[in-house]
Amino acid sequence: MRRWLLRRTAQAAVTLAIAITLLFVLMRAAPGDPLSRLQGDRLLSREEIASLRERYGLDQPLLTQFGAFVGGLARGDLGVSIEYGRPVTSLLAERLPATLQLGGAVILLNFTLGLWLGVRQAVRRGSREDRWLTVASLGGYATPSFWLGLVLAWLVGVKWGLLPPAGHSDPLLDSGAGFLERTVDLLRHLALPVLTLSAVTIATTMRHQRNAMLDVLRDPFMLTARAKGLSERAVTWRHAWRNALFPVVTLFGLWLPILVTGSVFVEAVFAWPGLGSLAAAAVGHRDYPLLMGAALLTAVLVVAASLLTDLVYALLDPRVRLS
Amino acid sequence: MSRVLEVENLRISFPDGQGGRLYPVDGVSFSLERGETLALVGESGCGKSLTSLALLQLIPPPGRIESGSTVRLGDIDVLGLRGERLRQIRGRRIGMIFQDPMTSLNPVFKVGDQIAEGIRAHFDVSRAEARSRSFNLLQEVGIPDARSRLDAYPHQLSGGMRQRVMIAIALAAEPEILVADEPTTALDVTVQAQILEVLDRLRATRGMAVLLITHDLGIVAGRADRVAVMYAGQIVEEAPTARLFARPSHPYTQGLFASVPRLTGPVQRLTPIGGSVPPPSAWPAGCRFRPRCPKAFEKSELAPPLLPVEPDHRMRCWLAETGGARG
Ligand SMILES: Nc1ncnc2c1ncn2[C@@H]1O[C@H](COP(=O)(O)OP(=O)(O)OP(=O)(O)O)[C@@H](O)[C@H]1O
Ligand SMILES: [Mg+2]
């Protein structure tokens, strides 16, 4: 197990290195550079542009730029954002908490409500409840999240005024507000974006969990579990669900990075100050250092999520753990 | 002798996919005395497994047990039980062993825990006590180094060892009846013999009644007290083992014997029965064996009931009326 873990970690590191190189090359291969945009707007003179180019190292050969980038990376320095004129790391760090709150809440909802509903559907397969949940999840799956987000923001947020339609916290909240008050405020702001992102993801999670359960319920060891006189609850949750968890662990590995960066639309609709909107802005501005930082963070998350998935898999499955 | 299990007119149905239902088990009756071993013999697909599953209401939906069927354990009407009362019967009054030890154990739990779970489902004992009983059971079914095997996972054990674990699970709640559904079919020949030996020993030491399901007449002799032969969802012949082996009477039973090479008795031509068991959707009217039967005659177009051949020997064939000659 320890050797497996070492090997797997080494693999992850190599994957990450390749990803960084590719990212760097792709980014530079894209047409346009950040300063020509400023030039087009005639905001700066030719000389000023040249000096800026020199300052950001854009006049150096590609290999030198790459070397400088990797060197900075090793020191935990991702450079300075061209657009904001501040260190990329501090920009990312500033936006990370809001993103983690949103993504974390969605994942939590998926892996509680989503799994529970999927298991219920499988256990009551063919029942009215199963059919209705299937229809509902297909609906959720087919609804574009930016559209759902707009409708929710307008209807619940603006028309009915039940929940805040945008933002991360109430700007009028007294700075002396207590922990409870702040938490309630955060939850109220989280509600609509979380609902929007969960509609699609929970539909998928439910479907996966339902199918995985149906497969396991057909396994002969389920008969053994019933035949020895276990309660239906133990049969379902201990014997079946424990085995039907493997496919959804894989799903978790896929969700994690998507939720952190793939919520660009939802962050835009709800003015959520997360990484998604930061990355979107960086693309628009051709802000290489910032874009690179955001992409790098995503790459790290993808690799970490896959490592985590394998680890959870191994912990759950003795056939993997002990081999 | 007291009767521990009585099955009467058991009928099991599945949807046929066209709005109707099929009856892969169609009117099966048998009983089991305390300490007795009954062999249920028949080719693949004749309904043996479904019959055994019905004893504990384990038929997978959309299959169901038809009303009018009866399963009695002493004075308990099993098919009338639901929920908690049904759970208390499973494993406690009847223990079950299944055909394939490779898939009958849960891959993610230690075998010791899988046995202990069966103990704690029926007895109010501590974890430690359940573990020590599990250890005893592993020893009883002949697993060497039982102490460390308690913490093994199924994939770490051979097929034979897994089937021993399965037996230990079936014995966990000390049932008075053991149902073994082809317990050796999936195993190597030498391992088969070992498993049968274990079952024989347990039957003797624990005095359990056993329903031994098999398609192999070779393992029946010297092991079962009585034999019931099944064909196409029905019992077609039933007799004490010695009598059935000496004088198989139903043409189907005779065909089964003809396809088993015998070391004793009169030398017979090996004539396996032509064809195979038709699926429930293709059973003919009248005697269901008629299309494959070398002795079929006019009356076979009517469905025969179980008719007496001798006082304790019955068969589902009109030939019983004429002592074997065609009328
Ligand atoms: N889940 C099911 N759905 C539909 N039909 C079924 C189902 N299970 C069994 N059957 C039908 O019932 C018949 C009898 O099945 P059963 O498993 O009892 O046979 P068996 O005598 O145990 O055979 P084998 O020796 O292959 O185990 C099968 O031929 C099949 O047509
Ligand atoms: Mg079977």
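Predicted model only: the values in this text are computed from it and were never measured.

### Some details on unusual backbone geometry
Trans peptide bonds make up the majority, and among non-glycine residues the majority have a negative phi.
Residue and element names in this part refer to chain B.
Next, step 1: Pro61 connects to Pro62 through a cis peptide bond whose omega is 5°.
Next, step 2: At Asp145, a residue that is not glycine, the phi angle is positive and equals roughly 55°.
Next, step 3: By secondary structure assignment, the location of Asp145 is in the loop between α4 (127–140) and α5 (146–149).
Next, step 4: In this model, Glu182 sits at a positive phi of 45°, which is unusual for a non-glycine residue.
Next, step 5: Overall, the relative accessible area of 7% leaves Glu182 in the buried class.

### Quick look at the site of ligand 1
Residue and element names in this part refer to chain B.
Next, step 1: Close to ligand 1 lie 13 residues, the nearest being Ser44, Gly45, Lys48, Ser49 and Leu50.
Next, step 2: Between ligand 1 and the protein, one listed contact pairs an oxygen atom with a backbone N or O atom of Leu50 at 2.9 Å.
Next, step 3: With the chains in place, 64% of the 640 Å² that ligand 1 exposes on its own is no longer accessible.
Next, step 4: Residues belonging to the shell around ligand 1 are distributed by class as follows: five nonpolar, five polar and three charged.

### As for the domain arrangement of chain B
Put simply, an interface is often sized by how much accessible area is lost when its parts join up.
All names here are of chain B.
Next, step 1: Looking at chain B, the domain boundaries give domain 1 (3–224) and domain 2 (247–321).
Next, step 2: Taken over C-alpha atoms, the centre of domain 1 sits 29 Å from the centre of domain 2.
Next, step 3: Surface buried jointly by domain 1 and domain 2 totals about 890 Å² across both partners, of which 63% is contributed by carbon and sulfur atoms.
Next, step 4: Summed over the three residues of domain 1 that lose the most area to domain 2, namely Leu22, Glu43 and Leu217, the buried surface amounts to 53% of that side.
Next, step 5: Summed over the shared surface of domain 1 and domain 2, the result is two salt bridges.
Next, step 6: In this structure, Arg292 and Glu43 form a salt bridge, with 3.3 Å as the shortest nitrogen-oxygen distance.
Next, step 7: Counting residues per element, the side of domain 1 that touches domain 2 draws most heavily on strand β2 (residues 21–33), at five residues.
Next, step 8: Considered class by class, the residues forming the side of domain 1 that touches domain 2 number five nonpolar, three polar and two charged.

### Side note on the interface of chain A and chain B
Next, step 1: Taken together, the contact between chain A and chain B spans 21 residues of the former and 26 residues of the latter.
Next, step 2: A combined buried area of about 2,000 Å² lies between chain A and chain B, and 63% of that area is made up of carbon and sulfur atoms.
Next, step 3: Sorting the residues of chain A by area buried against chain B places A:Leu223, A:Ala227 and A:Lys228 first, and these three jointly supply 28% of that buried surface.
Next, step 4: Summed over the shared surface of chain A and chain B, the result is two salt bridges.
Next, step 5: B:Glu117 is the salt-bridge partner of A:Arg238, the closest N and O atoms lying 2.3 Å from each other.
Next, step 6: Inspection of the chain A/chain B interface yields 11 residue pairs in polar contact (both at pLDDT 80 or more).
Next, step 7: Where the side of chain A that touches chain B is concerned, the elements lending two or more residues are α9 (220–227), α10 (232–243) and α15 (318–321) of chain A.

### Here we look at the layout of surface pockets
Next, step 1: Taken as a whole, the largest pocket holds about 1,200 Å³ of empty space.
Next, step 2: Contributing to the lining of the largest pocket are 35 residues, with A:Arg226, B:Leu58, B:Ile59, B:Pro60 and B:Pro61 lying nearest its centre.
Next, step 3: Elements supplying a minimum of two residues to the lining of the largest pocket: α5 (88–123), α8 (179–217), α9 and α10 of chain A together with β4 (64–65) and α2 (83–89) of chain B.
Next, step 4: Looking at the lining of the largest pocket, its residues break down into 16 nonpolar, eight polar and 11 charged.

### A closer look at a nonpolar patch on the surface
Residues and elements named next belong to chain A.
Next, step 1: Taken together, the side chains of Phe146, Trp147, Leu150, Val151 and Phe265 present a nonpolar region at the surface, about 500 Å² in accessible area.
Next, step 2: Ranked by residue count, the leading element in the nonpolar patch is helix α7 (residues 145–159), at four residues.
Next, step 3: Its location among the elements puts Trp147 in helix α7.

### Describing the pattern of salt bridges
Residue and element names in this part refer to chain B.
Next, step 1: Applying the stated criterion to the full structure yields 33 salt bridges over all chains.
Next, step 2: Residues Asp26 and Arg11 are paired through a salt bridge, measuring 3.0 Å at the closest nitrogen-oxygen approach. Placement of Asp26 in strand β2 and of Arg11 in strand β1 (residues 3–15) is noted, with a sequence separation of 15 residues between them.
Next, step 3: For Arg11, a relative accessible area of 26% puts it in the partly exposed group.
Next, step 4: Salt bridges linked by common partners bring Glu36, Arg226, Glu238 and Arg314 together as one network.

The rules behind each value
Residues numbered from 1 in each chain as written. Chains lettered and ligands numbered in written order. Predicted model: local features only at pLDDT ≥ 70, side-chain atom pairs only at ≥ 80, totals over all residues. Heavy atoms only, no water. Helix = DSSP H or I, 4+ residues; strand = E, 2+ residues; numbered from the N terminus. Buried < 20%, exposed > 50% of the residue type's maximum accessible area, 1.4 Å probe, protein only. Near = heavy atom within 4 Å. Polar contact = N/O pair within 3.5 Å; in protein donor to acceptor, adjacent residues only side chain to side chain. Areas by Shrake-Rupley, 256 points an atom, 1.4 Å probe, with all protein chains shown as cover. Nonpolar A, V, L, I, M, F, W, Y, C, P; charged D, E, K, R; others polar. Domains from an automatic or database assignment. Buried area = accessible area lost by both parts, 1.4 Å probe. Salt bridge = Lys/Arg side-chain N within 4 Å of Asp/Glu carboxyl O. Contact = heavy atoms within 4.5 Å. 1 Å grid on protein atoms, 1.4 Å probe; cavity = no way out; pocket = protein on both sides within 12 Å on 5 of 7 lines; lining within 4 Å. Points joined across faces, edges and corners; volume = space filled by probe spheres on them. Patch = residues over 30% accessible without salt bridge, like charges linked within 9 Å, V, L, I, M, F, W, Y side chains within 5 Å.

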